[in-house]
Amino acid sequence: MERDFCEIKLDEPLKYHTSFKIGGPARLFVVPNSIEGLVCALSHFPDAKILGRGTNILAPDSGVDVVISTVNLNKCFVDDELIVCESGASLFSVCKKASHNSLSGLEFAYGIPGSVGGAIYMNAGAYGGQICDVVAWVEVYDGEKVMTLDRSQLEFSYRKSIFQRTRWVILKAAFKLKKADMNEINNAMEEIMTRRMESQPLDMPSAGSVFKKPDEDFYVARVIEEIGLKGLRVGDAQISTKHAGFIVNLGEARSSDVLKLIEIIRHRVKEHCGIQLQLEVEIW
């Protein structure tokens, strides 16, 4: 593998690359500098873990073998009402680029951490919107060839996509937006960001909402609070005192601490209302 295509680090601590600030070493940590480099790395390491911005990942204390990071794949450009982005571009930067070009449709995503690839992988959403609402097409590598899929081929549903049942890796994507007034777009984005800051522990390491909503009217955080678990702590992992749907790292939390809290929450919620919570955070 050409080093011009990639940066390579040995025994790189994953806690430096996840928003949880948790995770042991990656024996080999590969950072491609181009789409071609990413495809090259994937051809050499087909079983590697793919890491975007690391905002929805709980990495193991023991570490993993090979990780390929898309963090340097952050190019993004506007083509009329399309925004075309490499998979490692931050969703935050894409939202800002949309607003600067008077393009509406991504306001709901403002403040969602993570990369374009990660957002598509899990069909990220908030405040009434989902990524699937605006995806036009996605370019992927299936292990043998690069191909382009349109939205109808991506099997989107609530926090799901075709990528969760395949080994396909997202290379780049395009979002179809609409021209609108820049001030209205910015006002909507700022309102959403204010709501996030008021209700979520954005000042502490976490991986966002830990659990999926079982249905539209079931609020996981409210139930966790009702059964008295808000603030519960295992080691340095704690159910947030600001938003009980989050688990935060108070400083030196381990993956095992978070997993114990998850187990406690799922058991108590199942006992309380008969619902088995499904994870939104991805466990490596």
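Everything discussed here concerns the structure shown above.
Thresholds, definitions, all that
- Residues numbered from 1 in each chain as written.
- Predicted model: local features only at pLDDT ≥ 70, side-chain atom pairs only at ≥ 80, totals over all residues.
- Heavy atoms only, no water.
- Helix = DSSP H or I, 4+ residues; strand = E, 2+ residues; numbered from the N terminus.
- Rg over C-alpha atoms; globule rule 2.2 N^0.38 Å.
- Buried < 20%, exposed > 50% of the residue type's maximum accessible area, 1.4 Å probe, protein only.
- Contact = heavy atoms within 4.5 Å.
- Areas by Shrake-Rupley, 256 points an atom, 1.4 Å probe, with all protein chains shown as cover.
- Lys, Arg positive; Asp, Glu negative; His and termini not counted.
- Charge placed at Lys NZ, Arg CZ, Asp CG, Glu CD.

Novice: Sorry, what's going on with the overall build of the protein here?
Specialist: Broken down by element type, the protein carries six helices and 19 strands. The C-alpha atoms of the protein give 19 Å as radius of gyration, which agrees with the globular expectation for 284 residues (19 Å, within 12%). In terms of overall dimensions, the protein has a C-alpha envelope of 50 × 50 × 30 Å along the principal axes. Split into buried and exposed, the 284 residues of the protein put 50% on the buried side. Contacts spanning at least 24 positions in sequence make up 64% of the contacts within the protein whose residues lie at least 6 apart. Carbon and sulfur atoms form 48% of the exposed surface of the protein, whose accessible area is close to 13400 Å². Across the protein, the 33 positively charged side chains and the 38 negatively charged ones have centroids separated by 3 Å.

Novice: What am I meant to see in helix α1 (residues 35-44) here?
Specialist: For an α-helix, the turn length of 3.6 residues means that residues three or four places apart are oriented alike. Burial runs high along α1: seven of the ten residues are buried. If you check which residues of α1 are buried, you get I35, G37, L38, V39, C40, A41 and L42.

Novice: I would appreciate a short explanation of the environment of A253 in the present structure.
Specialist: The residue A253 is located in the loop between β18 (246-249) and α6 (255-273) in this model. Looking at A253, the relative accessible area reads 8%, which means it is buried. A253 sits 96 residues away from S157 along the chain, and the two C-alpha atoms are 32 Å apart. Not counting residues up to four positions away in its chain, the partners in contact with A253 are I22, D236 and A237.

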